[in-house]
Amino acid sequence: MIPEKILHFIGGRQVPSVSGRTFDVADPVTNTVYAQAAAGDLDDVDKAVEAAAVAFATGPWPSMAARARAKVLVRIADAIEVRGEELAALETFDTGLPVTQARGQAARAAENFRFFADVIVAQHEDAFSAPAQLGYVVRRPVGVAGLITPWNTPFMLETWKLAPALASGCTVVLKPAEWTPLSASLLPDIMTEAGVPEGVFNVVHGIGEQAGAALVSHRGVPLISFTGETTTGQIIMRSAATHLKGLSMELGGKSPCIIFADADLDLAVDSALFGVFSLNGERCTAGSRILAERSVYDSLVSRLAERAARIRVGDPSDPATEIGALVHPEHYERVMSYVRAGVAEGARLVAGGARPAGLPSGNFLSATVFADVTPSMRIFREEIFGPVVCVTPFDSEEEAIALANSTRYGLAAYIWTSDLRRAHRAAGLVESGMTWVNSHNVRDLRTPFGGIKASGVGREGGQHSIDFYTESRIVHVALGDTHVPRFGA
Ligand code: NAD
């Protein structure tokens with residue numbers, strides 16, 4: 001059931017904004033407003049932080065045994081799985097993601113909670129033994145965590161932050177993306193049913209520059225985990241400096257997919273297409289620049305173009321759909337402006353570039369392939385975040401690496417070759433936080449997730465997430481007589 005009102009969740013209760021203000025939320029297939037969401041600002045953030053701070057200072061959550069918290073997390077995972085179909089349907093309706101892919105994201109969301117339940121139970125600490133002194137680490141949750149998330153795969157990304165924050169014993173205030181608040185509106189019931197104590201989990205909806213900015217500048221929030229655009233990340237870092245907040249920044253990308261002539265080209269083509277056109281191309285780790293060795297370049301361009309032309313674009317709720325509707329008309333216009341820029345700058349449009357036949361309205365774009373793209377073109381350098389891919393030829397391994405590294409981003413990279421030595425050489429030289437060799441983006445939740453250069457600061461994933469949401473404190477204990485210099489004796 002699609003609600004007509006989407007409220008905040010503060011201190012265990014669904015509430016409207018203090019100001020009474022709301023904002024419109026529309027679906028991307030018809031672009032008609034389907035709900036009013038509470039528009040949070042400083043007053044609402046104040047209340048949510050207060051509820052989270054009380055739950056942190058006096059509630060059971062931070063000091064509960066890890067096993068007890070883990071049990072609650074497992075119940076959250078179970079509740080997400082029970083609602084898997086409903087969640088996928090809401091996500092598809094709100095974001096335009098194809099439903100088969102939204103189902104996968106719902107399953108991943110449950111897995112995030114199950115995984116961090118395991119991690120926190122297995123958590124152990126270092127001890128440092130020396131003849132005269134023993135040191136041991138005491139780990140404590142940092143406090144109220146501010147979580148700010150984007151509109152692509154919203155529910156999955158919210159849980160990617162919520163699960164480790166809650167596992168660590170933090171209390172949280174979540175600020176979901178304003179274009180896609182719908183799936184987060186299921187979280188209050190899920191959390192309450194699972195036994196998350198009042199005030200531990202809070203949601204404030206609203207516009208980034210108001211609700212998000214208020215969370216970042218709040219003195220009661222010692223850490224912010226943010227996923228979104230690089231430029232927003234820069235604004236957040238500046239604001240967070242005032243209170244010296246801990247920051248985790250998962251930002252934009254323009255990731256290369258390097259295909260050498262000796263690769264399994266059938267698999268490389270499948271992977272390159274899936275890597276950039278799944279999730280509507282609205283994927284931070286999309287391999288949006290395909291770099292192809294000259295000897296196979298022409299045939300790869302033809303194959304990519306032919307396959308792209310056959311990709312099924314349409315109703316996101318149809319299980320046969322491969323690309324759905326882009327999230328918002330504003331974003332659609334931005335993606336289309338890149339298509340126009342590609343044409344204007346002389347790239348060769350070999351597939352897509354326009355609205356598919358039979359879809360006169362809604363934010364639909366055919367899978368778009370540009371060939372002969374050069375590094376000076378904007379479509380090569382800037383993140384488009386839609387179903388648009390650039391193809392560029394290279395003549396040598398050195399040139400491939402140089403091209404791969406010639407953007408400001410460094411999130412992911414994909415390398416296709418059957419030469420083992422070259423695969424490792426290239427993986428070592430490509431500037432990316434995450435590299436896949438002969439594979440598309442298959443995540444292992446234990447591994448560090450994040451980018452270098454303009455793609456991020458810090459790492460989440462596995463132990464890295466726990467390190468972010470906790471402070472490790474060292475206790476030194478003298479085991480015998482300590483020699484102390486006797487000043488003033
Ligand atoms: P965005 O930066 O516009 O918004 C992200 C969130 O930040 C939203 O909740 C928004 O309301 C909030 N926000 C906006 N301005 C703010 C401010 N001044 N202070 C505090 N909060 C503010 O990003 P988006 O358009 O929602 O998402 C797309 C971007 O996210 C792309 O660049 C994509 O690459 C990136 N992304 C990165 C990863 C990653 O893990 N590296 C994952 C997914 C998406």
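Up top you'll find the structure we're talking about.
Please read all numbers here as calculations on a predicted model, not as lab measurements.

(A) Just the pairing of strand E5 (residues 33-38), in detail. Sheet analysis places strand E1 (residues 5-6) next to E5, joined by two bridges and oriented parallel. Within E5, the position partnered with Lys5 by the bridge is Gln36. Between the antiparallel neighbours strand E4 (residues 22-26) and E5 lie six residues, among them Asn31 with a positive phi of about 55 degrees.

(B) Structural context of the sheet that holds E5. Pairing in this open sheet of three strands is mixed, and the strands run E1-E5-E4 from one edge to the other. Of all strands in the sheet, those bounded by a partner on one side alone are E1 and E4. In terms of strand pairing, E4 meets E5 through five bridges, oriented antiparallel. Each residue of the ladder has a partner; that of Phe23, found in E5, is Ala37.

(C) Broad picture of the site of the ligand. Close contacts around the ligand come from 30 residues, with Thr149, Lys175, Glu178, Thr232 and Glu383 the closest. Contacts to the ligand include Thr149, whose backbone N or O atom sits 2.7 Å from an oxygen atom. At 3.5 Å, a backbone N or O of Ala213 approaches a nitrogen atom of the ligand. Considering the ligand on its own, with 840 Å² of exposed area, one finds that the protein chains cover 93% of that surface. Residue assignment for the shell around the ligand shows that the elements contributing at least two residues are helix H7 (208-216), strand E11 (223-227) and helix H8 (230-240). Split by residue class, the shell around the ligand holds 16 nonpolar, nine polar and five charged. When residues of the shell around the ligand are sorted by domain, at least three fall in each of domain 1 (5-251 + 455-474) and domain 2 (256-437).

(D) Quick peek at the sheet that holds strand E15 (residues 348-351). Strand order in this open sheet of seven strands is E15-E16-E17-E14-E13-E19-E20, and the pairing throughout is mixed. At either end of the open sheet lies a strand with only one pairing partner, and these are E15 and strand E20 (434-437). For this sheet, the mean inter-axis angle between neighbouring strands, taken without regard to orientation, is 20 degrees. The pairing of strand E13 (residues 256-259) with strand E14 (residues 289-293) spans four bridges and is parallel. By the bridge assignment, Pro256 is partnered in E14 with Arg289. Packed onto the sheet, helix H10 (residues 294-310) meets E13, E14, E15, strand E16 (368-371) and strand E17 (388-394) and runs at close to 140 degrees relative to E14.

(E) Inspection of the packing of helix H2 (residues 66-82) against helix H4 (residues 99-121) at higher detail. Between H2 and H4, the least distance of the axes is 8 Å, while the angle of their chain directions is 170 degrees. Taken together, H2 and H4 sit at an angle that is classed as roughly antiparallel. Across from Ala66, Arg67, Arg69, Ala70, Leu73, Val74, Ile76, Ala77, Asp78, Ile80 and Glu81 in H2, the residues of H4 making contact are Ala106, Ala109, Ala110, Phe113, Arg114, Phe116, Ala117, Ile120 and Val121. Within the contact of H2 with H4, the residues separate by chemical class into 15 nonpolar, no polar and five charged.

(F) Local environment of the environment of Ile452. With respect to the helices and strands, Ile452 occurs in strand E21 (residues 452-453). By relative accessible area, which is 28% here, Ile452 ends up partly exposed. Taking the C-alpha atoms as reference points, Ile452 and Pro387, separated by 65 residues in sequence, lie 24 Å from one another. Among all residues touching Ile452, those that are not within four sequence positions of it are Tyr409, Gly410, Glu431, Ser432, Gly433 and Arg459.

(G) Representation of H10 in the model. A rise of 1.5 Å per residue sets the reference length of H10, with its 17 residues, at 24 Å; its end C-alpha atoms lie 25 Å apart and thus fit the reference within 8%. Taking the largest bend as the criterion, H10 deviates by roughly 25 degrees, centred on Leu300. What H10 keeps buried is the set Val296, Tyr297, Leu300, Val301, Leu304, Ala305 and Ala308. Turning to H10, the residues buried within the fold contact E13, helix H9 (265-277), E14, E15, E16 and E17.

(H) Region of the structure containing the nonpolar core. Core analysis: the biggest nonpolar cluster contains 98 residues, and Phe113, Phe201, Ile259 and Phe277 have the highest contact counts within it. For this core, the two domains that each supply at least three residues are domain 1 (5-251 + 455-474) and domain 2 (256-437). In contact with Phe201, not counting residues within four places along its chain, are Phe9, Leu162, Val172, Leu174, Leu187, Pro188, Met191 and Val196. Listed in part, the 28 residues of the second largest apolar core include Phe260, Leu291, Tyr332 and Ala426.

(I) The arrangement of the packing of aromatic side chains in detail. Under the criterion given, the structure shown has 10 aromatic pairs. When the ring of Phe115 is compared with that of Phe116, the centres are 4.9 Å apart and the planes differ by 80 degrees; the resulting orientation is edge-to-face. Phe115 sits in the buried class, given a relative accessible area of 11%. Classification of Phe116 as buried rests on a relative accessible area of 0%. Between Trp151 and Phe385, the aromatic rings sit 5.3 Å apart at their centres with planes inclined by 75 degrees, giving edge-to-face as the arrangement. In this pair, Trp151 is assigned in the loop between strand E8 (144-148) and helix H5 (154-168) and Phe385 in the loop between helix H12 (378-381) and E17, connecting sequence segments 234 residues apart. The residues Trp151 and Phe385 share a single accessibility class, namely buried. A connected cluster of aromatic rings, assembled from ring pairs, spans Phe115, Phe116, Trp160 and Phe449. When the ring centre of Phe380 is taken as origin, the NZ or CZ atom of Arg289, which lies over that ring, is 4.7 Å away.

Parameters and conventions
- Residues numbered from 1 in each chain as written.
- Predicted model: local features only at pLDDT ≥ 70, side-chain atom pairs only at ≥ 80, totals over all residues.
- Heavy atoms only, no water.
- Pairing = 2+ DSSP bridges.
- Helix = DSSP H or I, 4+ residues; strand = E, 2+ residues; numbered from the N terminus.
- Near = heavy atom within 4 Å.
- Polar contact = N/O pair within 3.5 Å; in protein donor to acceptor, adjacent residues only side chain to side chain.
- Areas by Shrake-Rupley, 256 points an atom, 1.4 Å probe, with all protein chains shown as cover.
- Nonpolar A, V, L, I, M, F, W, Y, C, P; charged D, E, K, R; others polar.
- Domains from an automatic or database assignment.
- Axes fitted to C-alpha atoms, helices over the stretch in contact; angles between N-to-C directions.
- Contact = heavy atoms within 4.5 Å.
- Parallel < 35°, antiparallel > 145°, perpendicular 65-115°, else oblique.
- Buried < 20%, exposed > 50% of the residue type's maximum accessible area, 1.4 Å probe, protein only.
- Expected span 1.5 Å × (residues − 1).
- Bend = angle between axes of the 7 residues up to and from the residue.
- Core = buried A, V, L, I, M, F, W, Y, C linked by side-chain atoms within 4.5 Å.
- Phe/Tyr/Trp six-rings, centres within 6.5 Å; stacked < 30°, edge-to-face > 60°.
- Lys NZ or Arg CZ within 6 Å of the ring centre and 35° of its normal.

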